[in-house]
Amino acid sequence: MKVVCVGGGPSGLYFALLYKKVRPDAQVTVLERNKAGVTFGWGVVFSDETLSYLEENDRPTHEAITKAFAHWTAIDIHYKGTCLRSDGHGFSGIARRELLLILQERCRELGVELVFDCEVDDYTKHTAGADLVIACDGVKSKIREKLASSFKPSLEPRHARYIWLGTKKKFDAFTFYFAENEHGMFQVHAYRFDADTSTFIVECDEESFQRAGLAKATTEESIAYCEKLFAEHLKGEKLLANKSEWMRFVTVKNEAWSHDNVVLMGDAAHTAHFSIGSGTKLAMEDSIALVKALVDTNHDVKKAFALYETERRPIVERTQKAAQDSLQWFENVKRYREMDPTQFAFSLLTRSKRITYDNLKLRDAGFAEHVRSWFTKTAAPAMFTPFKLRELTLENRVVVSPMCMYSAVDGLPNEFHFTHYSARALGGPGLMMCEMTDVSREARISPGCAGMYLPEHRAAWKRIVDFTHSHSKTKIGMQLGHAGRKASTKLMWEGSDRPLESGNWPIISASPLPYFPDSQIPKEMDRADMDAVKADYVRAAEWAEEAGFDLLELHLAHGYLLASFLSPLTNVRKDAYGGSREGRMRYPLEVFEAVRAVWPKNKPMSARISATDWLPGGVTDEDVVALARALKERGCDVIDCSAGMTTPDSRPKFYGRMYQAYWSDLVRNEVKIPTIAVGNISNGDQINTLVLSGRADLCALARPHLANPHFTMTAAIEQGWRELPGWPDPYGIVKPILPGPPIVARG
Ligand SMILES: Cc1cc2nc3c(=O)[nH]c(=O)nc-3n(C[C@H](O)[C@H](O)[C@H](O)COP(=O)(O)OP(=O)(O)OC[C@H]3O[C@@H](n4cnc5c(N)ncnc54)[C@H](O)[C@@H]3O)c2cc1C
Ligand SMILES: Cc1cc2nc3c(=O)[nH]c(=O)nc-3n(C[C@H](O)[C@H](O)[C@H](O)COP(=O)(O)O)c2cc1C
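Remember, it's a predicted structure, so these values are computed and weren't measured experimentally. (Residues numbered from 1 in each chain as written. Chains lettered and ligands numbered in written order. Predicted model: local features only at pLDDT ≥ 70, side-chain atom pairs only at ≥ 80, totals over all residues. Heavy atoms only, no water.)

S.K.: Tell me about the sheet that holds strand β13 (residues 184–192), and please be specific about residues and values.
M.R.: What the seven strands build is an open sheet, ordered β6-β5-β12-β13-β14-β11-β15; its pairing is mixed. For this open sheet the edge positions go to β6 (82–86) and β15 (239–240), each flanked by a neighbour on one side alone. By the bridge criterion, seven bridges tie β13 to strand β14 (residues 198–204) in an arrangement that is antiparallel. Its bridge partner lying in β14, Gln-187 is registered against Glu-203. (Pairing = 2+ DSSP bridges. Helix = DSSP H or I, 4+ residues; strand = E, 2+ residues; numbered from the N terminus.)

So this is what it looks like as structure tokens:
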């Protein structure tokens, strides 16, 4: 077996030594353009978890690496003149050069051939006769470029700028500094990696970079600038360069990781932003996985590649998602500059969603308690603090997300609806949103959808509202909608969004584009249609008030009528209601204004938006911010940040817990308006985390409330919180199962 690793970074060297261990007869060569002992950068960090993998796979390197380590457990966040310390995190730092020397030494010991000073321009010239070629030549991989048609790489340069410096200042914690000056905002990621040296990465957004003149600065000038900016922290220590220049982080992904006998590994295959300190870990874990795959397939290269990719890809994608969340936090850090230092620190710590409030409690109970008590000022968990919108006080931060029940006849809510909503109201959420309620018969998604277009609808809704008000402290909201081009379709369980087989009614939309190719073609709305629909909204809003609803939400999401105006994918109009962002927003805002005008001033209004279409050419973050600003100016009190469902192929790019919270964070902190986060939020810990970190004010849960109408009560029990207001008297008996003095049951 002849193996050539192109690139002598952590992945190439570690693979080479592990493979030589399992196949001592193999000829393993590493080709590296640098001289031995020469490399870029300073120190890298490993988590405690990574170290245990290294120990399992090669004890001598693990021992050598851990001997050279600087270990620490705290994270210090310096912001607005304060320093907040969170402990219990567990990292180790090592000089990148030291790590490479250890790996090189072990390679030599095992008989790997190391060739330095060897630039590999055309890999085929250096790998003749090789059974296996490892393309571990880093982020700018030439092999990946040469085989681009097979690997199909995507390289995404990110927005922020960074420079990787060192210093002799000895940090005793992973340290973040944030500094603002006349040019903008700059942050530092710093940590010690040996007895007397620390990594010091300075990062900033493009605007700050340009305004500070760093685009034209030499390395020396950049260092002088950073030394001045962080002088109070450096206390006279110098910043040091090692091939240091301002860069943009590039997120690398590849559709395929292998071609013939060539396989991508480490940064050549995928990158993860340095702010989650996982690039070296991923690279070395790739090496472990490929060696294992080769052993498991009896060194059948093709089968091993397939096994390696199957095993590694999901792990890599999860890490890249966390890295993406993390880098976006740092890119947009200016968004959080008005936050109190405590919330800012918690937002930073939870940025990639790997650390939640409960997880932080395990790491550092004192710090978690500091954050909680800063937020609530009482003994309550964050999710059980009230929230006020105009004159409406919600008792807690849980919202029953609107869910169509497809169980009405000609729009009329019936006993099913009464029971369904009454049960959820008794469960104790702060706010219960009723399902999308249509403003006319033609506005219904399906024949089973609920409406507010006949006087008997108003009476049926009033019965539900009255029960909610008289038997619970839950507030109740109506979501008004019009299905647009997604109208006249089957019940969800008979074929979601599929056209009816018979009994269709005419449909309208921003543009005459059918939802599915075989769906009805909607009529493009003219001004008369717009006036008629607006009048339907106004009448339905007046009736919602008469029925006693506490809050009114306008449905501007999920590809329905008003959303069809907002997205460029569904609005191709050439008139004043299409084209530019202003044009696309014009009609939805007109409807919002008309409804706000009749909805009482003391009662709040919300708007549910699709903050992304999950498709190229769809709604952008800039569109979302502009829409939220325009709604806020028109008296909207809270934005419910949902996503997608614009077209049949709009699928989440990433699906995971709290996967849409990014947009709630964006809207809340850019526009300074309260928000509701929604999307795979499933427990109290996640709600506490979102609320404490300032990513949302309220959290809407849909499917969890189908499974458990008493979600809020259950969350209170899980958190030992006995004071849930509105706990129905007959249900008080469950309180003895909570910690604290027993409550004696009577009767
Ligand atoms: C600022 C910054 C901070 C980071 N901090 C951390 C951290 O704290 N923790 C962490 O785990 N990771 C960190 N990383 C990421 C980490 O450096 C990389 O993920 C890791 O080095 C990837 O290893 P690799 O072997 O795949 O690639 P590399 O380390 O880039 O190694 C590739 C090697 O290939 C050689 N090479 C490239 N092209 C050729 C060629 N044509 N011919 C011959 N040789 C070639 C290069 O000289 C290099 O030695 C950081 C990255 C950056 C940019
Ligand atoms: C059965 C069902 C019906 C839904 N109906 C509506 C609706 O009427 N209006 C709306 O805005 N969203 C509706 N949604 C979307 C949910 O409100 C919510 O945004 C989505 O399910 C994600 O939340 P979850 O992960 O907590 O389920 C519906 C979801 C489900 C599961």
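S.K.: With reference to specific residues and values, describe the nonpolar core.
M.R.: Within the largest apolar cluster, 71 residues are counted, with the highest numbers of intra-cluster contacts made by Trp-461, Phe-549 and Leu-631. With residues up to four places along the chain from it excluded, the contact list for Trp-461 reads Pro-413, Tyr-421, Cys-434, Glu-435, Thr-437, Ala-450, Gly-451, Met-452, Met-478, Ala-547 and Phe-549. Leu-18, Trp-42, Leu-132 and Ile-134 belong to the second largest nonpolar core, which has 57 residues in total. (Core = buried A, V, L, I, M, F, W, Y, C linked by side-chain atoms within 4.5 Å. Buried < 20%, exposed > 50% of the residue type's maximum accessible area, 1.4 Å probe, protein only. Contact = heavy atoms within 4.5 Å.)

S.K.: Go over the packing of helix α1 (residues 10–22) against helix α4 (residues 96–110) with me, naming the residues and quoting the values.
M.R.: One way to put it is that α1 packs onto α4 with a least axis distance of 9 Å and a crossing angle of 25°. It follows from the interaxial angle that α1 and α4 lie roughly parallel. By crossing handedness, the relation of α1 to α4 is classed as left-handed. On α4, the residues that touch Pro-10, Leu-13, Tyr-14, Ala-16, Leu-17, Lys-20 and Lys-21 of α1 are Arg-96, Leu-99, Leu-100, Leu-103, Gln-104, Arg-106, Cys-107 and Leu-110. Its residues assigned to classes, the contact of α1 with α4 shows ten nonpolar, one polar and four charged. (Axes fitted to C-alpha atoms, helices over the stretch in contact; angles between N-to-C directions. Parallel < 35°, antiparallel > 145°, perpendicular 65-115°, else oblique. Left-handed = near helix turned anticlockwise from the far one by under 90°. Nonpolar A, V, L, I, M, F, W, Y, C, P; charged D, E, K, R; others polar.)

S.K.: Account for helix α19 (residues 527–547), with residues named and values stated.
M.R.: With 21 residues, α19 extends 30 Å from end C-alpha to end C-alpha; this agrees with the ideal 30 Å at 1.5 Å per step. When we look at burial in α19, the residues that qualify are Asp-529, Met-530, Val-533, Asp-536, Tyr-537, Val-538, Ala-540, Ala-541, Trp-543, Ala-544 and Ala-547. The N-terminus of α19 is capped by Asp-526, whose side-chain oxygen sits 3.2 Å from the backbone nitrogen of Ala-528. Positive phi shows up at Gly-548, right after α19, with a value of about 95°. (Expected span 1.5 Å × (residues − 1). Polar contact = N/O pair within 3.5 Å; in protein donor to acceptor, adjacent residues only side chain to side chain.)

S.K.: How would you explain the site of ligand 1 if you had to name every residue and give the values?
M.R.: In the vicinity of ligand 1, 32 residues are found, and the nearest of them are Ser-11, Glu-32, Arg-96, Asp-267 and Thr-280. Between a nitrogen atom of ligand 1 and a main-chain N or O atom of Arg-33, the distance comes to 3.1 Å. One of the side-chain N or O atoms of Asp-267 is found 2.7 Å from an oxygen atom in ligand 1. Here the element with the most residues in the shell around ligand 1 is helix α11 (residues 279–296); it accounts for four residues. Residue classes in the shell around ligand 1 are distributed as 13 nonpolar, eleven polar and eight charged. (Near = heavy atom within 4 Å.)

S.K.: Quick rundown of the side chain of Ser-244? Include the residues and the values.
M.R.: Along the chain, Ser-244 falls in the loop between β15 and β16 (250–254). A relative accessible area of 7% means that Ser-244 is categorised as buried. Polar contacts involving the side chain of Ser-244 include one to the main-chain carbonyl oxygen of Trp-164, which spans 2.8 Å. Excluding residues within four positions of it along the chain, Ser-244 makes contact with Trp-42, Ile-163, Trp-164, Leu-165 and Thr-219.

S.K.: Before we move on, can you summarise the confidence of the model for the chain with the specific residues and values?
M.R.: A low pLDDT means the predicted coordinates there should not be read in detail. Across the chain, the average pLDDT comes to 94, with 98% of residues at 70 or higher. Within the model, pLDDT remains below 50 along residues 741–747, and this stretch shows five contacts once partners closer than five positions in the same chain are excluded. (pLDDT = per-residue confidence, 0-100.)

S.K.: Residue-level account of the pairing of strand β30 (residues 698–701), with values.
M.R.: Side chains Leu-698 and Ala-700 project from β30 onto one buried face, and the interleaved Cys-699 and Leu-701 project onto a second face that is buried too. In this structure, strand β21 (residues 398–400) lies alongside β30, joined through three bridges in parallel fashion. When the bridges of β30 are listed, Val-399 appears paired with Ala-700. Following the chain from strand β29 (residues 675–678) across helix α24 (residues 684–692) to the adjacent parallel β30, one finds a crossover that is right-handed. (Right-handed = clockwise from strand over helix to strand, strands pointing away.)

S.K.: Lay out the state of the cysteines with the relevant residues and their values.
M.R.: Put plainly, a disulfide is one covalent bond tying together the sulfur atoms of two cysteines. This structure, assessed with the given rule, holds zero disulfides. Cys-404 forms no disulfide, and the closest cysteine sulfur to it belongs to Cys-449, at a distance of 4.6 Å. Judged by its relative accessible area of 17%, Cys-404 is buried. (Disulfide = S-S within 2.5 Å.)

S.K.: Pulling in residues and values, what's your account of the site of ligand 2?
M.R.: If you check the shell around ligand 2, you find 17 residues, and the closest are Ser-401, Pro-402, Cys-404, Asn-680 and Arg-703. One of the side-chain nitrogen or oxygen atoms of His-555 is found 3.1 Å away from an oxygen atom of ligand 2. In this structure, Asn-680 approaches ligand 2 through a main-chain N or O atom, which is 2.7 Å from an oxygen atom. Taken by itself ligand 2 offers 610 Å² of open surface, and the protein chains cover 88% of this. Classifying every residue of the shell around ligand 2 by side-chain character gives nine nonpolar, six polar and two charged. (Areas by Shrake-Rupley, 256 points an atom, 1.4 Å probe, with all protein chains shown as cover.)

S.K.: Quick rundown of the pattern of salt bridges? Include the residues and the values.
M.R.: As enumerated under the stated definition, the model contains 58 salt bridges in all. Salt-bridge contacts for Arg-312 lead to Glu-285; the nearest nitrogen and oxygen are separated by 3.6 Å. Note that Arg-312 is positioned in helix α12 (residues 301–331) and Glu-285 in helix α11, a separation of 27 residues in sequence. Here Arg-312 falls in the buried class, since its relative accessible area comes to 3%. Where Asp-531 meets Arg-527, a salt bridge forms, and the shortest distance between an N and an O atom there is 2.6 Å. Residue Asp-531 and its partner Arg-527 are both found in helix α19; the two are separated by four residues, about one turn of the helix. A residue is classified by how much of its surface remains accessible, and Asp-531, at 38% relative accessible area, is partly exposed. (Salt bridge = Lys/Arg side-chain N within 4 Å of Asp/Glu carboxyl O.)

S.K.: An account of the sheet that holds strand β7 (residues 91–95) is needed here, citing residue identities and associated values.
M.R.: Taken together, three strands build an open sheet; the order of strands is β3-β7-β4 and the sheet is antiparallel. Every interior strand has two partners, whereas the edge strands, β3 (43–47) and β4 (70–72), have only one. Along the sheet, successive strands turn relative to each other by an average axial angle of 25°, direction set aside.

S.K.: I'd like to hear about the packing of aromatic side chains, residue by residue, with values.
M.R.: Across all of its chains, the model carries 37 aromatic pairs by this definition. On the basis of an interplanar angle of 65° and a centroid distance of 5.3 Å, the ring pair of Phe-209 and Trp-246 is categorised as edge-to-face. Within this pair, whereas Phe-209 is found in helix α8 (residues 206–211), its partner Trp-246 is found in the loop between β15 and β16, the two being separated by 37 residues in sequence. Overall, Trp-246 belongs to the buried group, its relative accessible area being 12%. Every member of this aromatic cluster is reached through a ring pair, and the members are Trp-72, Tyr-79, Phe-91, Phe-174, Phe-176, Phe-178, Tyr-191, Trp-329, Phe-330, Tyr-336 and Phe-344. For the cation-ring pair, Arg-458 lies above Trp-543, with the distance from its terminal atom to the ring centre recorded as 4.8 Å. The side chain of Arg-539 reaches across the aromatic face of Trp-543, ending 5.3 Å from its centre. (Phe/Tyr/Trp six-rings, centres within 6.5 Å; stacked < 30°, edge-to-face > 60°. Lys NZ or Arg CZ within 6 Å of the ring centre and 35° of its normal.)

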